[in-house]
Amino acid sequence: MPRKCCIPNCNSNYASAKNSTEKVYVPVFQFPKDKELCEKWKKLIPRKNFIPTEYSAVCIKHFEPACIPTGYVYKDKSENTKIFNYDRPKLKPGSCPTIFSGQPKKLNKVTAPNRKSPDSRRSEILARKEQLNKQIELTKIEADTIKDYESFKTAVSEKVQNFNNSRKTDLQVQIKQDFILIYFFDFDTMRCKFYIKTDVDLTPKIYVNNIQLCINEIQLILLDSNKVNMWSKLEKILDHLLNKDFMVSVESLVEDIMEKIETIKNKVMLEDNSEEKIIRISILCEQLALIFKEQKRYSPRMMMNSYLIYMQSKKCYEALRSNNILTLPHPKYIQQLTASLNVSPGSSLENHHMKLIGSKLKEEFDSSSN
Ligand SMILES: [Zn+2]
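Residues numbered from 1 in each chain as written. Predicted model: local features only at pLDDT ≥ 70, side-chain atom pairs only at ≥ 80, totals over all residues.

If you check an unreviewed UniProt entry, the protein chain appears there as THAP-type domain-containing protein from Brassicogethes aeneus. UniProt annotates the protein chain under Subcellular location (unreviewed entry) with the comment "Nucleus, Nucleoplasm". The UniProt entry for the protein chain carries the following comment under Sequence similarities (unreviewed entry): "Belongs to the THAP1 family." (UniProt positions renumbered as here; feature names shortened; annotations may be inferred.)

Spelled out as structure tokens, the structure:
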């Protein structure tokens, strides 16, 4: 005689059901021997003050499918996964009945086969949180990344507009085929205070008061790479440039002047074709650069000139150096050179010596200027 189900409104294995649709035997499970688990069942079952006996049972219909494995998974000798099917349903340890048709829904909700320990649950929650944070971080980075020139072109106007709104400023954007300008026009001075010209490869050239910032100065802002590959980087640059105390470094100013001197040289070459002037301009240019260089490197022409002055008069050479009139190599350096050429100051400057030095230095000069 199969056991009947004790759940109200369930007629599993009842004789009255025999002639209706319920003709087959419905598997049932006895109340658990474990006291704690048994109490749980009692609380879940929608029967007030129910005291189960050793004959009381709950049928399979009140358990989630996950609570009733049909077999167990194992590996055979050759490591193949196999399933051993049970001949009758078994209840997973710790399972509780949770499905009661016609009962309020909240009762159905309590399902807890194999309840995890608080510790493992806590670490699970932590891991899930971490995963979520990682995802948020990834999404943020993705939204911040400027993939290529096209995506820069598409979004730059809106981004600069947002920047303007938040900083109460008025930066302008000009989008061209192969570069994008972001600039700040100062209406007090009627001059462009700064502009950023970004090329197709996303490298920026930054100009402040029409002076191009040298790469070192940009790298201070761009940090790792010298490309505008993140919107946050662009914001940083703009903030930096908008800062009222912002001054162009001496390094950038020198580079700017060197570039302008180069323009002068080219113009003189074209219009005047005066080698004399070009030499003098070149010497000025080199002298200017030498003032700011920690490690002095002299051009072959400068070496040749220094050598000539030193050979003419050691005193004159020392005076030019000590009075800061010109930046010239240390006498030791010249002495090394003279030793290698086997001449000494004061000795008569014979023509063949000069020719030798001249041709040697000219060789060096030609190869370095190529
Ligand atoms: Zn039942």
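1. Quick notes on the overall build of the protein chain
Helix and strand content of the protein chain: 12 helices and 9 strands. Counting over 370 residues, the protein chain shows a buried share of 14%. (Helix = DSSP H or I, 4+ residues; strand = E, 2+ residues; numbered from the N terminus. Buried ≥ 20, exposed ≤ 12 C-beta atoms within 10 Å, placed from the backbone.)

2. A look at the confidence of the model for the protein chain
Per-residue pLDDT for the protein chain averages 82, and the proportion of residues at 70 or more is 84%. Of all helices and strands in the protein chain, the one with the weakest mean pLDDT is helix 2 (residues 105-109) (46), whereas strand 5 (residues 172-175) scores best (94). Predicted confidence for residues 105-112 stays below pLDDT 50, and this span has 13 contacts to residues more than four positions away or in other chains. (pLDDT = per-residue confidence, 0-100. Contact = placed C-beta atoms within 7 Å.)

3. A closer look at the packing of helix 7 (residues 250-271) against helix 8 (residues 275-291)
Relative orientation of the contacting elements helix 7 and helix 8 amounts to 175 degrees, with a least axis distance of 10 Å. In terms of orientation, helix 7 lies roughly antiparallel with respect to helix 8. Between helix 7 and helix 8, the residues in contact are V254, I257, M258, I261, I264, K265, V268 and M269 and K277, I278, I281, C285, L288 and A289, respectively. Classifying every residue of the contact of helix 7 with helix 8 gives 12 nonpolar, no polar and 2 charged. (Axes fitted to C-alpha atoms, helices over the stretch in contact; angles between N-to-C directions. Parallel < 35°, antiparallel > 145°, perpendicular 65-115°, else oblique. Nonpolar A, V, L, I, M, F, W, Y, C, P; charged D, E, K, R; others polar.)

4. Side note on the nonpolar core
In terms of nonpolar packing, the biggest core is built from 17 residues, with F194, I206 and V208 touching the most fellow members. When contributions to this core are tallied by element, the ones reaching two or more residues are helix 4 (149-167), strand 6 (179-186), strand 7 (191-199), strand 8 (204-208) and helix 6 (231-242). Once residues within four sequence positions are removed from consideration, V208 is found in contact with F194, L213, L241 and V248. Within the second largest apolar cluster, 14 residues are counted, among which are I7, V28, W41 and C96. (Core = buried A, V, L, I, M, F, W, Y, C linked by C-beta atoms within 7 Å.)

5. Side note on the environment of D87
Within the secondary structure, D87 sits in the loop between strand 4 (81-85) and helix 2. The exposure class assigned to D87 is exposed, which follows from the 6 C-beta atoms found within 10 Å. Sequence separation between D87 and G71 is 16 residues, and the spatial gap between their C-alpha atoms is 8.6 Å.

6. As for the pairing of strand 6
Sheet topology places strand 5 next to strand 6; 4 bridges connect them, and they run antiparallel. Looking across to strand 6, one finds that V173 is bridged to I182. Taking the residues between adjacent antiparallel strands as the criterion, strand 5 and strand 6 are bridged by 3 residues. Direction of pairing for strand 6 relative to strand 7: antiparallel, over a ladder of 8 bridges. Bridge pairing in strand 7 links F185 to C192. The hairpin turn running from strand 6 into strand 7, its antiparallel successor, is 4 residues long, and M190 in that turn takes a positive phi close to 55 degrees. (Pairing = 2+ DSSP bridges.)

7. A few points about helix 3 (residues 118-144)
Taking 1.5 Å of rise per residue, 27 residues should cover 39 Å, and helix 3 covers 39 Å from first to last C-alpha, within 8% of that figure. A small share of helix 3 lies buried, amounting to 0 of its 27 residues. (Expected span 1.5 Å × (residues − 1).)

8. A word on the packing of helix 9 (residues 300-312) against helix 10 (residues 314-322)
Relative to each other, helix 9 and helix 10 sit at 125 degrees, their axes nearing to 5 Å. In terms of orientation, helix 9 and helix 10 fall into the oblique class. Across from I309, Y310 and Q312 in helix 9, the residues of helix 10 making contact are K314, C316, Y317 and L320. Along the lines of polarity and charge, the residues of the contact of helix 9 with helix 10 split into 5 nonpolar, 1 polar and 1 charged.

9. Notes on the environment of V28
Inspection of the secondary structure puts V28 in strand 1 (residues 28-30). In this structure V28 comes out as buried when scored by C-beta crowding, with 20 C-beta atoms within 10 Å. Note: C-alpha distance between V28 and K61 (33 residues apart in sequence) is 8.7 Å. Every residue in contact with V28, bar those within four places of it in the chain, is listed here: R3, C5, N13, A57, V58 and C59.

10. Here we look at the sheet that holds strand 9 (residues 211-212)
As summarised here, the arrangement of the 5 strands in space is 5-6-7-8-9, forming an open sheet in which the pairing is antiparallel. The two strands at the open ends of the sheet, each matched to only one other strand, are strand 5 and strand 9. When strand 8 meets strand 9, the two strands line up antiparallel, connected through 2 bridges. In the strand pairing of strand 9, Y207 is matched with Q212. Along the sheet face, helix 4 touches strand 5, strand 6 and strand 7 and points at about 165 degrees away from the line of strand 5.

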